[in-house]
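# Observations on the model geometry
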Amino acid sequence: MRAGQRRRQSQGGWRGGLLIVGGLGLVATAVWFLWQFRDRLTPAPTPITGKVLYVHAIDVGQGDSYLIVTPERKTVLIDAGLAESGARVTAFLRQQKISSLDLVIATHPHADHIGGMGYVLEAVSVKNVLDSGQEHTTLTYRRMLEAVKKHVGRLTIAKAGQQFNLDNGIVLSVLGPRQPWLQNVSGSDLNANSVVVRLDYGNFSMLFTGDAEDETEDRLLADGAPLQATVLKVAHHGSRHSTKDRFLREVKPTIAIISCGATNRYGHPTQATLDRLKRVGATVYRTDLHGDITIAANGTEYAVTTARQATPADIWRGRQPGTDNDSGDEMPRQRTGR
Ligand SMILES: [Zn+2]
Ligand SMILES: [Zn+2]
């Protein structure tokens, strides 16, 4: 009897030990699982309902590409990244079930903005292309013009004062460039005469600045352009040459979005620009850290969602200054080609 009881007791102890080990294993697995998927478990912001306007900052590495989709499905693409990003932009459009674009804006003829344009124009039907009107000597620029001629047959030159009524109450206004074009600026003339547009929908607004330079900002300020905006697409990938204090004081952005590559060698975004954005109280999102960034706005409220999460320490840390030549052009470097 005693031996039997002892056996049962020892069996009981053995089973208890197994249960403890198993339990600990389960807890460890659960902790590991939660840690792996910690980003995805962050509660999503309250969904924006009603007639929703979407602005997507497409992660194209070092370059710019923004997609606007209105509640009535009017679509505007601003820039298309480098040539190798054409497929990525097109895939994004397909993902959004977009097979035609009402307007494509080429902010200026640098390859990190128009490189992917040819691919996009070939893949989806485009009704109109708005261009800065500045010519460039590169093959990339010539290819874009050929694609526009072949697939669109229409090129509109941007002029401050033009307006595009997207849906009822959703307006895209051209703020720049204007004649005479800015010349002999400290950085690049092509950047300085980028197409600058603002998007308005109720109390939501967004300013798209292309690769604007310091002089572009000064001219917009001098012209008394309507600059105050909820969201600022930070100029020139966060370069130190733009997004100056006096400009930010006028824009007063709540949100600032920087398009730049995770491995860019140009020092984008720079610490100086991030510090200026911090001083103005903007919340910063970066495609190099957050991936694709989407803003949903219904005219009274808005929300920002990102493909990935980033820590404040990473967001506010600039990259090491580099050459600051981000044009990605295949031509020999020249002063006006940056
Ligand atoms: Zn540029
Ligand atoms: Zn650029």
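Residues numbered from 1 in each chain as written. Chains lettered and ligands numbered in written order. Predicted model: local features only at pLDDT ≥ 70, side-chain atom pairs only at ≥ 80, totals over all residues. Heavy atoms only, no water.

- An unreviewed UniProt entry lists the chain under the name MBL fold metallo-hydrolase, with Chloracidobacterium validum as the source organism.
- One UniProt comment on the chain, placed under Cofactor (unreviewed entry), says "Zn(2+)". (UniProt positions renumbered as here; feature names shortened; annotations may be inferred.)

### Some points on the overall build of the chain
- Scanning the chain from terminus to terminus reveals 11 helices and 17 strands.
- Of the contacts made within the chain by residues no fewer than 6 positions apart, 69% connect residues no fewer than 24 positions apart.
- Split by element, the accessible area of the chain, about 16,300 Å² in all, is 54% carbon and sulfur. (Helix = DSSP H or I, 4+ residues; strand = E, 2+ residues; numbered from the N terminus. Contact = heavy atoms within 4.5 Å. Areas by Shrake-Rupley, 256 points an atom, 1.4 Å probe, with all protein chains shown as cover.)

### Regarding the pattern of salt bridges
- Under the counting rule described, the total for this entry stands at 14 salt bridges.
- A salt bridge links K51 to E72; its shortest N-O distance comes to 3.6 Å. Of the two residues, K51 sits in the loop between helix 1 (2-36) and strand 1 (53-57) while E72 sits in the loop between strand 2 (66-69) and strand 3 (75-78), which places them 21 residues apart along the sequence. Judged on exposure class, the residue K51 and its partner E72 are both exposed.
- Between D214 and R246 there is a salt bridge; the shortest N-O distance is 3.0 Å. Of this pair, D214 sits in helix 7 (residues 214-222) while R246 sits in helix 8 (residues 245-251); the two residues are 32 residues apart in sequence, bridging distant segments of the chain. (Salt bridge = Lys/Arg side-chain N within 4 Å of Asp/Glu carboxyl O. Buried < 20%, exposed > 50% of the residue type's maximum accessible area, 1.4 Å probe, protein only.)

### Quick look at the coordination of the zinc ion (ligand 1)
- The protein atoms donating to the zinc ion (ligand 1) are H108 (NE2), H110 (ND1), N191 (OD1) and D211 (OD), with metal-donor distances spanning 2.1 to 2.2 Å.
- In this structure, the zinc ion (ligand 1) is surrounded by 4 donor atoms whose angles at the metal cover 88 to 168°, and the resulting shape is irregular.
- Counting gaps between the donor residues of the zinc ion (ligand 1) yields the pattern H-x1-H-x80-N-x19-D.
- Separating the zinc ion (ligand 1) and the zinc ion (ligand 2) is a distance of 3.6 Å, and D211 donates to both of them. Of this pair, H110 sits in the loop between strand 5 (103-106) and helix 3 (111-114) while D211 sits in the loop between strand 12 (204-208) and helix 7, and the two are 101 residues apart along the sequence. (Donors = N, O, S within 2.8 Å, 3.2 Å for Na, K, Ca; no water. Tetrahedral: all angles 85-135°; square planar, octahedral: opposite > 155°, others 65-115°.)

### Let's talk about unusual backbone geometry
- Looking along the chain, the bond that leaves G176 and enters P177 is cis, with omega of 5°.
- Relative to the helices and strands, P177 is located in the loop between strand 10 (170-176) and helix 6 (189-192).
- Of the consecutive residues H268 and P269, the connecting peptide bond is found in the cis state with omega at -5°.
- With respect to the secondary-structure elements, P269 resides in the loop between strand 14 (255-258) and helix 9 (271-279).
- The residue R73 is not glycine, and still its phi comes out positive at about 65°.
- With respect to the secondary-structure elements, R73 resides in the loop between strand 2 and strand 3.
- For H236, which is not glycine, the phi dihedral falls at a positive 55°.
- By secondary structure assignment, the location of H236 is in the loop between strand 13 (231-233) and helix 8.

### So, helix 5 (residues 139-151)
- Along its 13 residues, helix 5 runs 18 Å from first to last C-alpha, staying within 8% of the 18 Å computed at 1.5 Å per residue.
- The elements touched by buried residues of helix 5 are strand 5, helix 3, helix 4 (117-123), strand 7 (129-131) and strand 8 (155-157). (Expected span 1.5 Å × (residues − 1).)

### Considering the sheet that holds strand 16 (residues 293-297)
- In spatial order, the strands read 8-7-5-3-2-1-16-17; together these 8 strands make up an open sheet with mixed pairing. Every other strand in the sheet has two partners, leaving strand 8 and strand 17 (302-306) as the edge strands with one partner each. With strand direction ignored, the average angle separating the axes of adjacent strands in the sheet is 20°.
- Where strand 16 meets strand 17, 5 bridges bridge the pair, whose relative direction is antiparallel. The partner of I295 across the bridge, within strand 17, is V304.
- This element, helix 5, spans strand 5, strand 7 and strand 8 of the sheet and lies at about 145° to strand 7. (Pairing = 2+ DSSP bridges. Axes fitted to C-alpha atoms, helices over the stretch in contact; angles between N-to-C directions.)

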